[in-house]
Amino acid sequence: MPEYDVQELQLVRRLDKRIIPVLVFLYLASVIDTGTQFHARVTKQSTRSGAQLDLGATDRSFALALVAYGISSFLFVGPSTFGFRKFGPAKWFAGMLSVWGLITAAAAATQSMPGWVFVKVLLGGLQAGFLPGIMLYILSFYTREEWATRMSWVVSSATIAEAFLGVFADWGTQFDGAAGLGIWRWMFVCNGVFSMVAGVTAFILLPDYPETCHFLTPADRVLAIARGHDGSEGGHAHDSDDDAHRQTSLVPKLRPPRIKFATGQLFEAVTDARNWLFAGAFFSISVTLDVLVTLGPEVAAASFTLTSAFLESNENDPTAVAAAIEAAETGTRHARMVAAIPFLIGGLTAYVCAWNSDRTGDRALHATIPLMVSSVGFAILAFVPVSATGAGLVRYVLGLLPATAGVVAAFPCLLSYALDKAQGDTSRVAVAAMTFSFGQAFSPALASPGSLLLPDPASTSVHAVGAGICAIGIAFSAFCVLLIRWLYRREETQMWGKGPGLRRLLNDADEGKAWDVELSQADMFVGGEERRLSRGRKASVKVAGAKRADRRDSDWDLQQYATG
């Protein structure tokens, strides 16, 4: 757990108040969009009304539209994530959210399936770099000991809010047919407006980098740059043309850092098998979270509203059971509220796990243990039949609740672990894009209502199959995390076991780099008598750079010795 002095503690609190609420708002726009895409297909089970019926689409064609979304997202996740770092987070977030909000709102006017597929392709490309961008943005302002906690605040807050949106969706059914629009079209209009508002909010309130953070004092800005892990050039980002300006002004013009593309870092990240294991683990988690958006209310309705006698008497009549679940889910808000409670508990658990992960420095076990708990919960949902006596309480308390809370709690720690070992800006961008590549792209095609895992969400037999697949997938994610932990430990044992002095030398190099960044930014405090010493300070920075180069050469020799 980091120990703060007074200035750093005030800085962290100021960043938390100004940045985290905006990121929660942006992430909420993303999860609302995901929920809208899921629920728009069929808005009422009894009549099968919804986007699929209005567009005259079959189950196969609707699934193909989601596949088109996945392909577009997979192809653009890399370029979009690099664009986020190149052109500035605030502008990129603002443009991304505003444009996808406009397209989402315009999708309400879609009248044919080709138009629907075209909208999906556009949205897939626009939304591709959003989640990796959120991760990288947090890394730019916070230290490694603070990542998981801040990610838990963003992910958990938005996830909890999205879970309770089902109550508002139930209330919104009264507007079905208003102004000649079906409820699914109104959902797209409201979702699009919300995303555009989020985009404008990002442009106004979010700073791009610590170097351009307008609400910080010059002293806090220097500290924020020294703390940041964005991998940019930091204080060396300013051009030499600004030297005279820095010497004649107490507060220099704010300039963004220079972002460099390193081909070697990209190749190293892509060829590292551990990064692909992270991608596989996140893929299973992403599919599971999308399944829970639909499965949660259905399980709650079947567990608490339908009696065992009714289920036994209608065991061979799935239509009657589906109609009863539909009536229980959309006729009252009780089932939706009950289904949202596991997300609330998961959000609180995620914060506790993330806080303890930052305190202890451990990521793997803090992700693995909640994943195993979630896998057991899904197994109970799969193997305990709905019609069994007392099954409702068992399926909810021992099944749905740990299944949901576990996967939500593991999410922030897994994301922090994925970027914990990445070094350099290009490497972090590549790892973030790879981590989200498969899960973000193809989980909607697998987990949305009417998809492969949930061909009929109202069917209790489908609940069992979907929950069983999720149990296996979450167990696979836990296995991937443990395998990654073993690979990292084996690598560290091989290096530190043979070169005991290497850790101290590399730590000295990191400390020297931090001092260089701070010294290069210290010119903003130059004035009066100190201005005459600026030339000597720049000379000392050059000497420090030469020493760093010599140290890197010796470090390389030691690394060869340690791994030889």
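Worth saying up front: this structure is predicted, and the values here are computed from it rather than measured. (Residues numbered from 1 in each chain as written. Predicted model: local features only at pLDDT ≥ 70, side-chain atom pairs only at ≥ 80, totals over all residues. Heavy atoms only, no water.)

A. Inspection of the overall build of the chain at higher detail. The number of helices and strands found in the chain is 22 helices and 0 strands. With 564 residues in all, the chain has 53% of them scored as buried. For the chain, contacts bridging at least 24 residues in sequence account for 81% of all contacts bridging at least 6. Of the accessible surface of the chain, which amounts to about 24,200 Å², a share of 65% is contributed by carbon and sulfur atoms. (Helix = DSSP H or I, 4+ residues; strand = E, 2+ residues; numbered from the N terminus. Buried < 20%, exposed > 50% of the residue type's maximum accessible area, 1.4 Å probe, protein only. Contact = heavy atoms within 4.5 Å. Areas by Shrake-Rupley, 256 points an atom, 1.4 Å probe, with all protein chains shown as cover.)

B. Layout of the nonpolar core. Of all hydrophobic cores here, the largest spans 112 residues; its most connected members are Leu 23, Leu 26, Tyr 27, Trp 116, Phe 130, Leu 206 and Phe 378. Top element by residues in this core is helix 18 (residues 391-420). It accounts for 14 residues. Sequence-distant contacts of Trp 116, defined by excluding residues within four places in its chain, comprise Ala 51, Leu 55, Phe 62, Ala 65, Thr 110, Trp 184 and Phe 188. (Core = buried A, V, L, I, M, F, W, Y, C linked by side-chain atoms within 4.5 Å.)

C. Focus on the confidence of the model for the chain. Here the chain shows a mean pLDDT of 75. Residues at 70 or above account for 67%. Of all the helices and strands in the chain, helix 11 (residues 243-248) carries the lowest mean pLDDT, 40, while helix 17 (residues 364-383) carries the highest, 92. Scored below 50 in pLDDT, residues 328-332 shows 13 contacts in the model against residues more than four places distant or in partner chains. (pLDDT = per-residue confidence, 0-100.)

D. Layout of the packing of helix 1 (residues 6-18) against helix 10 (residues 218-227). Where helix 1 meets helix 10, the closest approach of the two axes is 10 Å, and the angle between their N-to-C directions is 85°. When the interaxial angle is binned, helix 1 and helix 10 end up roughly perpendicular. Along the contact surface, helix 1 presents Gln 7, Glu 8, Leu 11, Val 12 and Arg 14, while helix 10 presents Ala 219, Asp 220, Leu 223, Ala 224 and Arg 227. By residue class, the composition of the contact of helix 1 with helix 10 is 5 nonpolar, 1 polar and 4 charged. (Axes fitted to C-alpha atoms, helices over the stretch in contact; angles between N-to-C directions. Parallel < 35°, antiparallel > 145°, perpendicular 65-115°, else oblique. Nonpolar A, V, L, I, M, F, W, Y, C, P; charged D, E, K, R; others polar.)

E. Representation of the packing of aromatic side chains. A complete count under the given rule lists 18 aromatic pairs for this structure. Centre to centre, the rings of Phe 74 and Phe 438 are 5.1 Å apart; their planes meet at 40°, and the pair counts as tilted. Of this pair, Phe 74 sits in helix 4 (residues 59-87) while Phe 438 sits in helix 19 (residues 425-447), placing them 364 residues apart in sequence. Of the residues examined, Phe 74 reaches a relative accessible area of 32% and is grouped as partly exposed. On the basis of an interplanar angle of 45° and a centroid distance of 5.5 Å, the ring pair of Phe 282 and Phe 411 is categorised as tilted. Residue Phe 282 is found in helix 13 (residues 273-304), and its partner Phe 411 is found in helix 18; the two are separated by 129 residues along the sequence. Cluster of aromatic residues (ring-pair linked, three or more members): Phe 84, Phe 93, Trp 100, Phe 130, Tyr 137 and Phe 141. (Phe/Tyr/Trp six-rings, centres within 6.5 Å; stacked < 30°, edge-to-face > 60°.)

F. Quick look at the pattern of salt bridges. Applying the stated rule across the entire model yields 9 salt bridges. The partner of Asp 220 in a salt bridge is Arg 14, with the nearest N and O atoms 2.7 Å apart. With a gap of 206 residues between them, Asp 220 in helix 10 and Arg 14 in helix 1 connect regions that are remote in the sequence. Take Asp 220: its relative accessible area is 8%, and that puts it in the buried class. Accessibility expressed as a relative area gives 28% for Arg 14, which makes it partly exposed. The partner of Lys 91 in a salt bridge is Asp 208, and the shortest N-O contact between them spans 3.0 Å. Linking Lys 91 in helix 5 (residues 89-106) with Asp 208 in the loop between helix 9 (183-205) and helix 10, this pair joins segments that are 117 residues apart in sequence. Via salt bridges that share partners, Glu 8, Glu 146 and Arg 227 belong to a single interconnected network. (Salt bridge = Lys/Arg side-chain N within 4 Å of Asp/Glu carboxyl O.)

G. Spotlight on the environment of Ala 367. Relative to the helices and strands, Ala 367 resides in helix 17. Taking the relative accessible area as the measure of exposure, Ala 367 reaches 0% and is therefore buried. A C-alpha to C-alpha distance of 7.6 Å links Ala 367 and Ala 409, two positions 42 residues apart in sequence. With near-sequence residues (within four places) excluded, Ala 367 lies in contact with Ala 410, Cys 413, Leu 414 and Val 481.

H. Spatial organisation of the state of the cysteines. Summed over all chains, the structure comprises 0 disulfides. The thiol of Cys 413 is unpaired, and the distance to the nearest cysteine sulfur, on Cys 353, comes to 5.8 Å. Take Cys 413: its relative accessible area is 0%, and that puts it in the buried class. (Disulfide = S-S within 2.5 Å.)

I. Structural view of helix 6 (residues 113-127). Taking 1.5 Å of rise per residue, 15 residues should cover 21 Å, and helix 6 covers 21 Å from first to last C-alpha, within 8% of that figure. Restricting attention to buried positions, one finds in helix 6 the residues Met 113, Trp 116, Val 119, Lys 120, Leu 123, Gly 124, Gly 125 and Gln 127. (Expected span 1.5 Å × (residues − 1).)

J. Highlighting helix 4. The terminal C-alpha atoms of helix 4 lie 40 Å apart, and with 29 residues this matches the ideal 42 Å at 1.5 Å per residue to within 8%. In the structure, helix 4 departs most strongly from a straight axis at Val 77, where the bend amounts to approximately 45° and where the proline Pro 79 lies between one and four residues downstream. Residue Gly 88 follows helix 4 closely and has a positive phi angle near 105°. (Bend = angle between axes of the 7 residues up to and from the residue.)

K. Seen up close, the packing of helix 1 against helix 2 (residues 20-39). Running from amino to carboxyl end, helix 1 crosses helix 2 at an angle of 30°, the nearest separation of the two axes being 3 Å. Here helix 1 is positioned roughly parallel relative to helix 2, judged by the angle of their axes. In this structure, helix 1 uses Leu 15, Asp 16, Lys 17 and Arg 18 to contact helix 2, whose residues at the interface are Ile 20, Pro 21 and Val 22.

L. Region of interest: the environment of Thr 288. Residue placement: Thr 288 occurs in helix 13. A residue is classified by how much of its surface remains accessible, and Thr 288, at 1% relative accessible area, is buried. Remark: the alpha-carbon pair of Thr 288 and Ser 443, spanning 155 residues in sequence, is separated by 8.4 Å. If sequence neighbours within four positions are ignored, Thr 288 has contacts with Phe 378, Val 407, Cys 470 and Ile 474.

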